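Here are the chains, one letter per residue:
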Amino acid sequence: MGAAKQVGDLIDKIASIPKISLDPLPQLKEIGTEETQVLLFSDSQVGQKTPDYNAEVFRAEMKTLQRGIQKLCLIHRRACPVKNLAVFFLGDILENERVGYQVSLDELEKVVLEQIVDVSTPAISEFLVNCLQLYERIDCYCVRGNHGNIGKFAASTTNWDTIVYKILELRLKEFDRIKWYIEDKHFYQVADVMGHKYLLIHGDQIPSYLGVPHYGLAARITRLKVNLPQTFEVACLGHFHSPNIFTYNGILTIINSTFATGSDYPLQKMG
């Protein structure tokens, strides 16, 4: 009798346990806040030839890059809306043909006309148009590099990189979802991406010590932070052909890599 009563009391207590309440799951559109994907593009050195790099390799690498950023976009879209792409063109798109100064004769595959017309602008145009399948808008922010310099008898603002950007803008003018912000007067540009400010420079302005730019970067980025008319949170550059990320005085600094593998330049310059 006592056992039966205990069982009955237990059943009553179980029945009195509050029901499980379910919190409604958020809809997919409510997960995360909108983000913009950012791509750093520099030092493709189109026209350079090494044991591992030439125009055909560049074209293949552009396809690899296209697939890579599209895959990353789709992965991130599982967590938050990624609607737009910002491309930071940081210079040295071409190799130039200044033999003995910017390129050795044995590493020059194509002259500038072929670098522009046959290789760089067709491949980059195809890359951007293909990316429009995923993104609502593509914003291209462009600064010049040192390999595009025409020479000491030309204006410092006359640069093959800038000419490539202008040709791309003209070639793709029918695609109004691709916007161009080409800096053709200054060596730098401050890009605004969703309220975040990025300083874009090529990096040839940075002095090196024993071939290493880190000491010069710390001083120069800090000075630019103080002296530029526009403020910035992140500094992006190329030039040194060796990728790295640092924080100097609270300023995130990102060094982009190069397309051109197999060159002795990174070993000679940075070890």
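Right, let's walk through the structure included here. (Residues numbered from 1 in each chain as written. Predicted model: local features only at pLDDT ≥ 70, side-chain atom pairs only at ≥ 80, totals over all residues. Heavy atoms only, no water.)

### Re the pairing of strand β7 (residues 234-237)
Step number 1: Where burial is concerned, the two faces of β7 agree: the one with Val234 and Cys236 and the one with Ala235 and Leu237 are both buried.
Step number 2: Inspection of the sheet shows strand β6 (residues 196-200) paired to β7 by three bridges, in the parallel sense. Residue pairing across strands places tyrosine 198 opposite valine 234, the latter belonging to β7.
Step number 3: Bridge count for β7 against strand β9 (residues 251-255) is four bridges, and the pairing is parallel. In the sheet register, valine 234 faces β9, and the bridge partner there is leucine 252. (Buried < 20%, exposed > 50% of the residue type's maximum accessible area, 1.4 Å probe, protein only. Helix = DSSP H or I, 4+ residues; strand = E, 2+ residues; numbered from the N terminus. Pairing = 2+ DSSP bridges.)

### Quick notes on unusual backbone geometry
Step number 1: Even without being glycine, aspartate 92 reaches a positive phi, approximately 55 degrees.
Step number 2: Its location among the elements puts aspartate 92 in the loop between β2 (82-89) and α3 (112-131).
Step number 3: Positive phi values are uncommon outside glycine, yet histidine 239 reaches one of about 75 degrees.
Step number 4: Positionally, histidine 239 belongs in the loop between β7 and β8 (244-248).

### What to know about helix α5 (residues 214-227)
Step number 1: For α5, built from 14 residues, the straight-helix expectation of 20 Å at 1.5 Å per residue is met to within 8% by its first-to-last C-alpha distance of 20 Å.
Step number 2: When α5 is considered as a whole, its buried residues turn out to be Gly216, Leu217, Ile221 and Leu224. Taken around the axis of α5, the buried residues stretch over an arc of 115 degrees, which confines them to a single face. Along α5, exposed side chains directed more than 90 degrees from the buried face belong to Tyr215, Arg223, Val226 and Asn227.
Step number 3: Residues of α5 that are buried sit in contact with β6, β7, β8 and β9. (Expected span 1.5 Å × (residues − 1). Arc of directions from axis to C-beta. Contact = heavy atoms within 4.5 Å.)

### Some words on the packing of helix α2 (residues 55-76) against α3
Step number 1: Packing of α2 against α3 brings their axes to within 10 Å, and their N-to-C directions diverge by 15 degrees. Relative to α3, α2 is oriented roughly parallel. In the crossing of α2 with α3, the sense of the turn from one axis to the other is right-handed. Between α2 and α3, the residues in contact are Ala55, Phe58, Arg59, Met62, Lys63, Leu65, Gln66, Ile69 and Gln70 and Asp118, Val119, Ser120, Ala123, Ile124, Glu126, Phe127, Asn130 and Cys131, respectively.
Step number 2: For the contact of α2 with α3, the per-class residue count stands at 10 nonpolar, four polar and four charged. (Axes fitted to C-alpha atoms, helices over the stretch in contact; angles between N-to-C directions. Parallel < 35°, antiparallel > 145°, perpendicular 65-115°, else oblique. Left-handed = near helix turned anticlockwise from the far one by under 90°. Nonpolar A, V, L, I, M, F, W, Y, C, P; charged D, E, K, R; others polar.)

### Comments concerning the nonpolar core
Step number 1: Within the largest apolar cluster, 39 residues are counted, with the highest numbers of intra-cluster contacts made by Phe58, Phe89, Leu128, Ile138 and Trp180.
Step number 2: Broken down by element, this core gets its largest block of residues, eight residues, from α3.
Step number 3: Setting aside chain neighbours within four positions, we find tryptophan 180 in contact with Phe89, Leu128, Cys140, Cys142, Tyr165, Leu168, Glu169 and Leu172.
Step number 4: Grouped together as the second largest cluster of nonpolar side chains are 17 residues, Ile206, Phe232, Ala235 and Leu237 included. (Core = buried A, V, L, I, M, F, W, Y, C linked by side-chain atoms within 4.5 Å.)

### Quick look at the environment of lysine 83
Step number 1: Along the chain, the position of lysine 83 falls in strand β2.
Step number 2: With relative accessibility at 32%, the residue lysine 83 sits in the partly exposed group.
Step number 3: Each C-alpha atom, one on lysine 83 and one on glutamate 35, is 7.1 Å from the other, the two residues being 48 residues apart in sequence.
Step number 4: With residues up to four places along the chain from it excluded, the contact list for lysine 83 reads Glu34, Glu35, Arg77, Tyr135, Glu136 and Arg137.

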